[in-house]
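So you can see what is in the structure, the chains are spelled out below.
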Amino acid sequence: MSTLVVVGIQWGDEGKGKVVDLLAREADIIARFQGGSNAGHTLVVGGKKTIVRLIPSGVLHDDKVCVIGNGVVVDPQVLIEELDTLQQQGRLLDPALLKISETAHVIMPYHQAIDVARERLRGEGRLGTTGRGIGPAYEDKMARVGIRFVDFLDDQVFQEQLSRNLQEKNLYLGEILKEQALDYTQIFDSYRRFRDRLAPHVTNASRYLHQEIVKGRKVLFEGAQGTMLDVDHGTYPYVTSSNTVSGAVCSGAGIAPQHIHGVIGISKAYTTRVGSGPFPTELFGPEGEKLRRDGGEFGTVTGRPRRCGWLDAVVARTAVRLNGVTSLALTKIDVLSGLPTVRICTGYAYQGQQYDEVPASVHVIDRITPVYEDLPGWSEPLSDIRSLDALPLNARRYVERVEQLVNVPIKMVSVGAGREETILIRPTFF
Ligand code: IMP
């Protein structure tokens, strides 16, 4: 197996960053294929915390090539800030170690302005976006007015596209959203500086990945967000604006389907979600508070407190099928320590009907009753445990029950944020 896709099987924040960082040891190349700087992947190595938003989470390993695929929407300012920070730490000093697809779309200031203004106008009905311009950038891509890196590199093409788009966006911002118009020269000048800085990294990433896969080099595809935030398969409209499922690797990195060799699904041992939208197993009392506190459940990008709840096997089952998950990593099981009982949702009931997968209508999801299975909890802290056998009996039973319910082998259990705080059950992944 020379390629592996890492996907979140909940609503994002499953701990994909940590898993990618670990798996990157075995990989030669790590590639993002969707999303943008709405993602925030936290890496803890040697007690030091690094947050990456656009650059793949394998960046803390020397000499791995990081690729930003065409399916990603790139905020150049955020990318440069991230690059600066990593370069100050001695990383990515060789431009060949970071490749940006020439057909990835560029996030423009009007995307962010529109995202934020729309959310403000929606008031209580807001989607709870990260306010990074992700939705408006994907809208422009589909409307065929987006600016791709290849266009951005060409002064004349960029000027034409920017002035055409800005005319329309300023009208929309001013007349409909009641916002200030944006200034052409200011955008053009700052974006020209961004372009000069990023130009050495821009390349035909699809072709590069193909050539490397054919040579047998190992490629890890790093998903952002989670399956329930997928624009087609998630809890629409409370989703992000890209396809987050494993199949999106083909379109978002430009590789052929036969080059996807394995899919690892990442799930927290409980569930969290940020932003609005249905969440059947959400906890509102002290148990939810405990998960938030002990799990440090506050958004990496926005700092918002995350909503917390029990593990939902209905969500996991749906996501395993959609992604073709071949193995699972269960993260943050240490956070469950101290609960007398841990619950897993095994099905949904609604109007006399049972659901074993997530229904399409958010109105139905909002009204379902979760069917729970209760398991005895454990009180011991788990962060120092490095083997399944050393887990307290009830914690081991919990892991085994999840494996049964989801019907996929669990290869890794994470017991803390640090790279070393991991139980590797089946040590090889590729
Ligand atoms: P957007 O992607 O900023 O448009 O936000 C749409 C929805 O996806 C909101 O509910 C966000 O909170 C959620 N979201 C976007 N990115 C992430 C992520 O990386 N982790 C968790 N939730 C996310």
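Residues numbered from 1 in each chain as written. Predicted model: local features only at pLDDT ≥ 70, side-chain atom pairs only at ≥ 80, totals over all residues. Heavy atoms only, no water.

(A) Quick look at the pattern of salt bridges. Inspection of the entire model under this criterion finds 26 salt bridges. Glu119 is the partner of Arg122 in a salt bridge, and the nearest nitrogen-oxygen pair spans 2.7 Å. On the criterion of helical spacing, the pair formed by Arg122 and Glu119 is a turn pair, its members being 3 residues apart in helix H3 (residues 109-122). One salt bridge connects Arg195 with Asp196, and the closest N-O pair in it is separated by 3.2 Å. Shared partners join several salt bridges into a network, and the residues in it are Asp13, Lys268, Glu297, Arg306 and Lys332. (Salt bridge = Lys/Arg side-chain N within 4 Å of Asp/Glu carboxyl O. Helix = DSSP H or I, 4+ residues; strand = E, 2+ residues; numbered from the N terminus.)

(B) Molecular detail of the sheet that holds strand S7 (residues 98-101). The strand order S9-S7-S5-S2-S10-S1-S11-S15-S19-S20 describes an open sheet built from 10 strands, whose pairing is mixed. Lying at the two open borders of the sheet, with one neighbouring strand each, are strand S9 (202-203) and strand S20 (422-424). Pairing between strand S15 (residues 327-331) and strand S19 (residues 410-414): 3 bridges, direction parallel. Opposite Ala329, over in S19, you have Met412 as the bridge partner. Here helix H13 (residues 393-406) sits on the sheet in contact with S15 and S19, set at roughly 135° to S19. (Pairing = 2+ DSSP bridges. Contact = heavy atoms within 4.5 Å. Axes fitted to C-alpha atoms, helices over the stretch in contact; angles between N-to-C directions.)

(C) Representation of the packing of aromatic side chains in the model. The final tally for this structure, using the stated rule, is 9 aromatic pairs. Each ring, one from Phe152 and one from Phe158, has its centre 5.0 Å from the other, and the planes form 65°; the classification is edge-to-face. Each member of the pair Phe152 and Phe158 is classed as buried. Look at Phe158 and Phe188: their rings are 5.7 Å apart centre to centre, the planes differ by 25°, and that puts the pair in the stacked class. Placement of the pair is Phe158 in helix H6 (residues 155-176) and Phe188 in helix H7 (residues 184-198), with a sequence separation of 30 residues. Since its relative accessible area comes to 6%, Phe188 is described here as buried. Cluster of aromatic residues (ring-pair linked, three or more members): Phe149, Phe152, Phe158, Tyr184, Phe188, Tyr191 and Phe194. Lying over the aromatic face of Tyr208, Lys99 brings its terminal NZ or CZ to 4.8 Å of the ring centre. (Phe/Tyr/Trp six-rings, centres within 6.5 Å; stacked < 30°, edge-to-face > 60°. Buried < 20%, exposed > 50% of the residue type's maximum accessible area, 1.4 Å probe, protein only. Lys NZ or Arg CZ within 6 Å of the ring centre and 35° of its normal.)

(D) Molecular detail of the nonpolar core. One finds Leu209, Phe221, Ile333, Leu336 and Tyr398 to be the most contacted residues of the largest nonpolar core, which totals 90 residues. Tallying contributions element by element places H13 first for this core, with 6 residues. Counting 16 residues, the second largest nonpolar core, distinct from the first, contains Leu4, Ile264, Ala329 and Phe430. (Core = buried A, V, L, I, M, F, W, Y, C linked by side-chain atoms within 4.5 Å.)

(E) Representation of the site of the ligand within the structure. Not every one of the 15 residues close to the ligand is listed here, only the nearest: Asn38, Gly128, Thr130, Thr240 and Arg304. Here an oxygen atom of the ligand sits 2.9 Å away from a polar atom, N or O, in the side chain of Asn38. Contact between the ligand and Arg304: an oxygen atom at 3.0 Å from a side-chain N or O atom of the residue. Considering the ligand on its own, with 470 Å² of exposed area, one finds that the protein chains cover 96% of that surface. (Near = heavy atom within 4 Å. Polar contact = N/O pair within 3.5 Å; in protein donor to acceptor, adjacent residues only side chain to side chain. Areas by Shrake-Rupley, 256 points an atom, 1.4 Å probe, with all protein chains shown as cover.)

(F) Fine view of the environment of Ile187. By the secondary structure assignment, Ile187 is in helix H7. Between the alpha carbons of Ile187 and Val44 there is a distance of 35 Å; along the sequence they are 143 residues apart.

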